[in-house]
Amino acid sequence: MKALVYHGPGSKSWDDVPDPVILESGDAIVRVDTTTICGTDLHILKGDVPTVAEGRILGHEGVGTVLEVGSSVRNVKVGDRVIIACISSCGVCTYCRSANPSHCLADEGASGIGWILGHLIDGTQAEMVRIPFADNSLYTLPEGVPDDAAMLLSDIFPTGFEMGIEYGRVKPGDTVAVVGAGPVGLAAIATAGLHGAAQVIAIDYDENRLGVAKQVGATHCLNAGDPDVVAQVMAHTDGFGVDVAVEAVGVPATFLMCVDLVRPGGNVANVGVHGKAVELDLQKLWIQNITISMGLVNTTTLAMLLKLVAQHKLPASELVTHRFSLQDIETAYETFGNAAQTHALKVLMAR
Ligand code: NAD
Ligand code: ZN
């Protein structure tokens, strides 16, 4: 088969590789019908994720059709259309049993990290992929949910909802600020209403993305380039700040902006993946009763979010801006890598 193979920092190619085979009784082989590129894949290509070995097939998001199952697989069968969760979950280890499969202990490297696809084992940017723990890591698609919408449920929507809205403890009536309106921030914006947020303020530099934020549920949009953006939020919230500030970028400046935006007693939910330390003024912050949360997505809400997408209660395919065929994946990478120019949000590749 063909697959997008990582050859070390700065290098990838669409190569001929052996077809995947069943290795464990809980495995399934899935034909990839639609896949996409995540910001994390760009981080890997920059060399920021040294745990990815050369020769690894990238990709941790996908929608496909089951081609083969191992002898112990019960939940999916050959021919099923499935969503591939970005977290592979054995379902029985301590972490899986306490609803933290992001730290599943059963992966082949026993790394204690549930994100293995396109990281520690071969991923979804390929014609076929082997999925371990298929019973817990694949979700059968109901009829009528197109690949476009389903694709957003592998990672983006569970991440925005679990790490932004759930960890941020959004409650009815809250005002929520989401800093960063990329796919993940947009997913937090789109799901804030599930916990009853009354107002959602989207903050980004990119006016195009702020426009999409408005479409998927933001009540207010502010340009991060405005020097008085924090003051504008204060003016909007009785002077004390928002109940919950969601960080969906992953740089110190936006994390610190969230700390500035949140009211005493509020929550800062960090979703962004950070590459640098952030200095916190604890001498000023301790007295504010702020809770700070962070984490790797668990995908434990994927099935619930899928029901909402199936009932057209959540916008999802709205985030898809570009479509390519799988063999044009290198052009897709270029388009996604130049998002500021191309206005790319989610770039899909289909067989
Ligand atoms: P993205 O790069 O597409 O979006 C980031 C957005 O932030 C862009 O629209 C950009 O214009 C905006 N931005 C940059 N600097 C800003 C600033 N100073 N103020 C306001 N906005 C600013 O990324 P994404 O795919 O949406 O992902 C967002 C973050 O979530 C990334 O750090 C990603 O690695 C992380 N992520 C975390 C998890 C998890 O499990 N915690 C899972 C997936 C992704
Ligand atoms: Zn586990």
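Computed from a predicted model, the values in this text were never measured in an experiment.

Draft legend 1. Spotlight on the coordination of the zinc ion (ligand 2). Donor atoms from the polypeptide that coordinate the zinc ion (ligand 2) comprise Cys 90 (SG), Cys 93 (SG), Cys 96 (SG) and Cys 104 (SG), at 2.2 to 2.4 Å from the metal. If you look at the zinc ion (ligand 2), its four donor atoms make angles of 102 to 118° with each other, and the shape they trace is tetrahedral. Here the donor residues of the zinc ion (ligand 2) share one chain and are spaced in sequence as C-x2-C-x2-C-x7-C.

Draft legend 2. Just the packing of aromatic side chains, in detail. In total, this model carries zero aromatic pairs according to the counting rule given. Sitting over the face of the ring of Tyr 333, Lys 12 holds its NZ or CZ atom 5.0 Å from the ring centroid.

Draft legend 3. Structural context of unusual backbone geometry. In this structure, Asn 289 is a non-glycine residue whose phi angle is positive, near 55°. Residues other than glycine seldom take positive phi values, yet His 343 does so here, at roughly 60°. If you trace the backbone, His 343 turns up in the loop between α13 (339–342) and β15 (346–350).

Draft legend 4. Here's a closer look at the site of ligand 1. Surrounding ligand 1, one finds 22 residues, the nearest of these being Asp 204, Arg 209, Val 249, Gly 295 and Val 297. Between Val 184 and ligand 1, the recorded distance is 3.0 Å, taken from a backbone N or O atom to an oxygen atom. Within the complex, 82% of the 870 Å² of free accessible area of ligand 1 lies under protein. Among the elements of the structure, α6 (183–191) and β9 (199–204) are those that each provide at least two residues to the shell around ligand 1. Tallied by class, residues from the shell around ligand 1 come to 13 nonpolar, six polar and three charged.

Draft legend 5. Fine view of the domain arrangement of the protein chain. We note that the domain assignment places domain 1 (2–155 + 298–350) and domain 2 (162–294) within the protein chain. One C-alpha centre belongs to domain 1, the other to domain 2, and the line joining them spans 28 Å. On the side of domain 2, 15 residues touch domain 1, which itself brings 17 residues to the contact. In total, domain 1 and domain 2 occlude about 1300 Å² of area from one another, counting both sides; carbon and sulfur atoms represent 64% of this. Counting the contacts that link domain 1 with domain 2 gives zero salt bridges. At the boundary of domain 1 with domain 2, the tally comes to five residue pairs in polar contact (both at pLDDT 80 or more). Looking at which element gives the most residues to the side of domain 1 that touches domain 2, the answer is helix α11 (residues 302–310), with three residues.

Draft legend 6. Quick peek at the side chain of Ser 137. Secondary-structure assignment places Ser 137 in helix α3 (residues 134–137). A polar contact is formed between the side chain of Ser 137 and the backbone oxygen of Phe 133, at a distance of 2.9 Å. When residues no more than four places from it in sequence are discounted, the contact partners of Ser 137 are Ile 83, Ile 84, Ala 85, Ile 87, Ser 88, Ser 89, Ile 131 and Pro 132.

Draft legend 7. Quick look at the packing of helix α1 (residues 39–46) against helix α12 (residues 329–337). It is the contact of α1 with α12, at a shortest axis distance of 11 Å, that shows an interaxial angle of 100°. Viewed along their axes, α1 and α12 adopt a mutual orientation that is roughly perpendicular. Packed against α1, whose contacting residues are Gly 39, Asp 41, Leu 42 and Leu 45, the element α12 presents Tyr 333, Phe 336 and Gly 337 at the interface. Considered class by class, the residues forming the contact of α1 with α12 number four nonpolar, two polar and one charged.

Draft legend 8. Layout of the nonpolar core. Ranked by internal contacts, the top residues of the largest apolar core, which has 48 residues, are Leu 152, Leu 153, Phe 157, Leu 186, Ile 189, Val 246 and Leu 319. For this core, the elements supplying multiple residues, two or more each, are α4 (147–151), α5 (156–166), β8 (175–179), α6, β9, α7 (207–216), β11 (242–247) and α11. When residues of this core are assigned to domains, at least three fall in each of domain 1 (2–155 + 298–350) and domain 2 (162–294). Ile 37, Ile 87, Ala 339 and Ala 344 belong to the second largest nonpolar core, which has 23 residues in total.

About the thresholds
- Residues numbered from 1 in each chain as written.
- Chains lettered and ligands numbered in written order.
- Predicted model: local features only at pLDDT ≥ 70, side-chain atom pairs only at ≥ 80, totals over all residues.
- Heavy atoms only, no water.
- Donors = N, O, S within 2.8 Å, 3.2 Å for Na, K, Ca; no water.
- Tetrahedral: all angles 85-135°; square planar, octahedral: opposite > 155°, others 65-115°.
- Phe/Tyr/Trp six-rings, centres within 6.5 Å; stacked < 30°, edge-to-face > 60°.
- Lys NZ or Arg CZ within 6 Å of the ring centre and 35° of its normal.
- Helix = DSSP H or I, 4+ residues; strand = E, 2+ residues; numbered from the N terminus.
- Near = heavy atom within 4 Å.
- Polar contact = N/O pair within 3.5 Å; in protein donor to acceptor, adjacent residues only side chain to side chain.
- Areas by Shrake-Rupley, 256 points an atom, 1.4 Å probe, with all protein chains shown as cover.
- Nonpolar A, V, L, I, M, F, W, Y, C, P; charged D, E, K, R; others polar.
- Domains from an automatic or database assignment.
- Contact = heavy atoms within 4.5 Å.
- Buried area = accessible area lost by both parts, 1.4 Å probe.
- Salt bridge = Lys/Arg side-chain N within 4 Å of Asp/Glu carboxyl O.
- Axes fitted to C-alpha atoms, helices over the stretch in contact; angles between N-to-C directions.
- Parallel < 35°, antiparallel > 145°, perpendicular 65-115°, else oblique.
- Core = buried A, V, L, I, M, F, W, Y, C linked by side-chain atoms within 4.5 Å.
- Buried < 20%, exposed > 50% of the residue type's maximum accessible area, 1.4 Å probe, protein only.

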